[in-house]
Amino acid sequence: MPKSKPLVVVTRRLPDVIETRMRELFDARLNIEDKPMTQAELVEAVKTAEVLVPTVTDHLDAAVLSQAGPQLRLVANYGNGVDNIDVQTALNRGITVTNTPGVLTEDTADMTMALILAVPRRMAEGIKVMQSDGWKGWSPTWMLGHRIWGKRLGIVGMGRIGQAVARRAKAFGMSIHYHNRRRLPGVVEEELEATYWESLDQMIARMDVISIHCPHTPATYHLLSARRLKLIRPESYIVNTARGEVIDENALARMLDADELAGAGLDVFEHEPAVNPKLAKSARVVLLPHMGSATVEGRIDMGERVIINIKTYMDGHRPPDRVLPSML
């Protein structure tokens, strides 16, 4: 008698090729309507699933995970970050957690570079003018932005994505600076021509553009607090394609409204999908709907990584992308 397939509950719609492969390999329950699960639906899922495949929109906190049935052995997150999952509670209950690192690096770095270009050069404003038929012709003093060549870029969080952004920014003639929990090896610093700052306060006070690339953890919540934001020069820009919770969004909105910052490029928000009204109305801000990793190739790569983690675990081996609390 053939071995029964594990029950895998997928919380959101995934690319067709990934869902089809999951159906072939597992007893996969799919979310055809692609509506985010309610907390009650997540509780029901953890009570029945052997494997849960959540996304960033699913908050698996202690209240949810404490109701998991004994059959739930693996939470295979479809995404790089795991701030939506209480990893410690999962570990305490014998549930393995995996993610999909690396596959989104280049896509997110591309979008970051797009925002680094778009905000100082006022691209979103220019697009609005063209769409409203408001362009009256070229003028030597109209719609002036700032060049990024020769400017200092301060990267907060120099992991895979931060380094990928650094390589792009270096090619655009920017000077690379970074703050990280641990200093990079000398060979990497030399390749990127990057300057390390042990003090985040000292770095951000000297940068022209600041780009956020650290995960959201209790230690990084409001890392760019109201106090820290005040250290940034009024002519500088902030770009965030990591997690909205890293920046005090209300303080950022107030400073932009008061001309205390030159502008911001934001792909993530503190209370997604809600956006601070001051940010939404500001001409100084380029807003994107959390699409930094939104490429066909990236989404398929994520799904393939999830499948590898599930298959490896079900075959009795340690999945390659296991996440432990000590890693966060």
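Coordinates for the structure precede this section.
Summary of the structure given here. Everything numeric here is computed off the predicted structure, so don't read it as measured data.

Definitions and limits used
Residues numbered from 1 in each chain as written. Predicted model: local features only at pLDDT ≥ 70, side-chain atom pairs only at ≥ 80, totals over all residues. Heavy atoms only, no water. Helix = DSSP H or I, 4+ residues; strand = E, 2+ residues; numbered from the N terminus. Rg over C-alpha atoms; globule rule 2.2 N^0.38 Å. Contact = heavy atoms within 4.5 Å. Areas by Shrake-Rupley, 256 points an atom, 1.4 Å probe, with all protein chains shown as cover. Lys, Arg positive; Asp, Glu negative; His and termini not counted. Charge placed at Lys NZ, Arg CZ, Asp CG, Glu CD. Axes fitted to C-alpha atoms, helices over the stretch in contact; angles between N-to-C directions. Parallel < 35°, antiparallel > 145°, perpendicular 65-115°, else oblique. Left-handed = near helix turned anticlockwise from the far one by under 90°. Nonpolar A, V, L, I, M, F, W, Y, C, P; charged D, E, K, R; others polar.

### Topic: the overall build of the chain
- When helices and strands are counted, the chain shows 13 helices and twelve strands.
- Against the 2.2 N^0.38 benchmark of 20 Å for 328 residues, the chain shows a C-alpha radius of gyration of 22 Å, consistent with a compact globule.
- Partitioning the intrachain contacts of the chain with sequence separation of at least 6 by distance along the chain shows that 59% fall at a separation of at least 24.
- As displayed, the chain offers around 16500 Å² of accessible surface, 54% of which is attributable to carbon and sulfur atoms.
- Measuring between centres, the 40 positive side-chain charges of the chain sit 2 Å from its 40 negative side-chain charges.

### Overview of the packing of helix α5 (residues 105-118) against helix α7 (residues 160-171)
- In contact at an axis separation of 9 Å, α5 and α7 are set at 50° when each is read in the N-to-C sense. In this view, α5 runs oblique relative to α7, as classed from their interaxial angle. Judged by the sense of rotation from one axis to the other, the crossing of α5 with α7 is right-handed. Between α5 and α7, the residues in contact are T105, E106, T108, A109, D110, T112, M113 and I116 and R160, I161, A164, V165, R168 and A169, respectively.
- In terms of residue class, the contact of α5 with α7 is made up of seven nonpolar, three polar and four charged.

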